[in-house]
Amino acid sequence: MQFGIFSVGDVTTDPTTGRTPSEHERIKAILAIARKTEEVGLDVFATGEHHNPPFVPSSPTTLLGHVAARTERLILSTATTLITTNDPVKIAEDFATLQHVADGRVDVMMGRGNTGPVYPWFGQDIRQGIPLAIENYALLHQLWRQDVVDWKGQFRTPLQGFTSTPRPLDGVPPFVWHGSIRSPEIAEQAAYYGDGFFANNIFWPKEHYKRLIGLYRQRYAAYGHGTPEEAYVGLGGQVFMRRRSQDAVREFRPYFDNAPVYGHGPSLEEFTAQTPLTVGSPQEVIEKTLTFRESFGDYQRQLFLMDHAGLPLKTVLEQLDLLGEEVVPVLRREFAAGRPTNVPDGPTHAALRARAESATPETSAVTGTSEATAPERVSR
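Numbering of residues begins from 1 in every chain and follows the order in which that chain's sequence is written. In keeping with the predicted nature of the model, local features appear solely for residues at pLDDT of at least 70, side-chain atom pairs appear and are counted solely at 80 or more, and the whole-chain, interface and lining totals rest on all residues. Excluded from the side-chain calculations are hydrogens and water; all other atoms, namely the structure's heavy atoms, are used.

Asker: Now, about helix H8 (residues 245-258): what can you tell me, with residues and values included?
Answerer: Helix and strand assignments follow DSSP, with helices taken as H or I runs no shorter than four residues and strands as E runs no shorter than two, numbered in order from the N terminus. In this analysis, the expected span of each helix is defined as 1.5 Å times one less than the number of residues it contains. Taking 1.5 Å of rise per residue, the 14 residues of H8 would be expected to cover 20 Å, and the 20 Å separating its terminal C-alpha atoms lies within 8% of that figure. The largest bend along H8 reaches roughly 40 degrees and is located at Phe-252, with the proline Pro-254 sitting one to four residues downstream. When H8 is considered as a whole, its buried residues turn out to be Asp-247, Ala-248, Phe-252, Tyr-255 and Phe-256. Considering only its buried residues, H8 is in contact with strand E11 (239-241), helix H9 (268-274) and strand E12 (278-280). We define the bend at each residue as the angle formed by axes fitted to the 7 residues ending at it and the 7 residues starting at it. Classification of residues uses two cut-offs on accessible area relative to the type maximum, computed with a 1.4 Å probe and protein chains only: under 20% is buried, over 50% is exposed, and between them is partly exposed. Between two residues, a contact is recorded if the distance between any of their heavy atoms is within 4.5 Å.

Given below as structure tokens:
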């Protein structure tokens, strides 16, 4: 089981002081949080990708390359790479380069983002979001697995005799998660390729995500990658902790009430009752996080959102200390207890390399063809 932090990189005014950090301060804070993530014993740091205010991480591989140079074992990931508006060729080259820089400590989460205007900014049509996600990933999948690619699709110019450079480290592409909060087509896509499915379940009730994850597990097995229990699932979550629950609620309430993502809507109490948000003591975070397995089955990766809504860096670092010292050690032990032996561990470069070395043609994953080939509709 892998535990980590993901950041959306928002620049938000602290409602308790009225101070707004500069973009420079926010970027430096994200880098400090990433280093702290490794220091407290967590496994993964992930950053989002946004191209609009009030967010700053428009270049995730630049941020992660810096983190790679200052950490030793932390897995570096995106919390979304925009597969719809980024050129698959550039994604292939950027993340293969990052693989080499980080000695393999890299994976990537594909997503469509949550900002409609980004599509025309990059010359695309939001009405083609799902077809873009399907076709672009089909090309990316092929670029990482074939040294010379001939390809033709709908949304970009054809490729003839093209080689993406550098090639993936050890011939093993980064592990891919497909992130979604609402689209069954993306769960189907993840299942088709035998990739991971990340349900960023931070806004909606668990019943919605149970359906998405259940579909992914069912289709993962139908495509012949293994049993439903062997599918790779990741979950998001939000926490704010103090040693006393009432102190956590009192301190976090103004940040919640004014947050751009969920402020001025349901109350803090309503939101914590209906979603994975936990505001309370470390023990309450442990107890609620453990219920995720009851809802979604054994899974591989749990990421927490902690640096948002204007929370100052000092407070976020205090949260990370609590998470690393009091919460995650207990979660590791409890999640390991009773975990079936056929449930895979969280993906690492070393494990993927070992699997590739032992694979036969019959057991290899889908490799793609010269045309964009991916599921065109969701099988029910």
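Asker: Give a detailed account of the environment of Ile-30, specifying residues and quantitative values.
Answerer: When you line up the elements, Ile-30 lands in helix H1 (residues 23-39). Put simply, Ile-30 and Leu-82 are 52 residues apart on the chain and 20 Å apart in space, counted from C-alpha to C-alpha. Those residues in contact with Ile-30 that lie beyond four places of it in its chain are Ser-7, Gly-9, Phe-45, Val-56 and Asp-307.

Asker: Just give me the short version of the packing of aromatic side chains, but keep the residues and values in it.
Answerer: Pairing of aromatic side chains here covers Phe, Tyr and the six-membered ring of Trp, requires ring centres within 6.5 Å, and sorts the geometry by plane angle: under 30 degrees stacked, over 60 edge-to-face, intermediate tilted. Applying the stated rule across the entire model yields 12 aromatic pairs. Their ring planes at 45 degrees and their centres at 6.2 Å tell us that Phe-3 and Phe-335 sit as a pair that is tilted. One end of the pair, Phe-3, is in strand E1 (residues 2-7); the other, Phe-335, is in helix H11 (residues 313-336), and 332 residues separate them in sequence. Judged by its relative accessible area of 0%, Phe-3 is buried. On the basis of relative accessible area, Phe-335 is assigned to the buried category, the value being 1%. With a centroid separation of 4.9 Å and an interplanar angle of 90 degrees, the aromatic rings of Tyr-137 and Tyr-193 are classed as edge-to-face. One end of the pair, Tyr-137, is in helix H5 (residues 129-145); the other, Tyr-193, is in helix H6 (residues 184-193), with 56 residues separating them in the sequence. Judged by its relative accessible area of 1%, Tyr-137 falls in the buried class. Here a set of aromatic residues connected by ring pairs shows up, and it is made of Tyr-137, Tyr-192, Tyr-193 and Tyr-223. For a ring to carry a charge above it, either NZ of a lysine or CZ of an arginine must fall within 6 Å of the ring centroid while also lying within 35 degrees of the normal to the ring plane. Sitting over the ring of Tyr-223, Arg-219 keeps its end group 5.0 Å from the ring centre.

Asker: Go over unusual backbone geometry with me, naming the residues and quoting the values.
Answerer: In the segment running from Pro-53 into Pro-54, the intervening peptide bond is cis, with an omega of 10 degrees. Within the secondary structure, Pro-54 sits in the loop between strand E2 (44-47) and helix H2 (60-69). Here the bond from Thr-165 into Pro-166 is cis, since omega is -5 degrees, no more than 30 degrees from zero. Mapped onto the elements of the fold, Pro-166 is located in the loop between strand E7 (159-162) and strand E8 (175-180). Phi at Asp-170 is positive, roughly 60 degrees, even though this residue is not glycine. As for its position among the elements, Asp-170 is in the loop between E7 and E8. Here the phi dihedral of Ala-309 falls at roughly 65 degrees; this positive angle occurs in a residue that is not glycine. Mapped onto the elements, Ala-309 comes out in the loop between strand E13 (301-305) and H11. Under the relative-accessibility criterion, Ala-309 is labelled buried at 2%.

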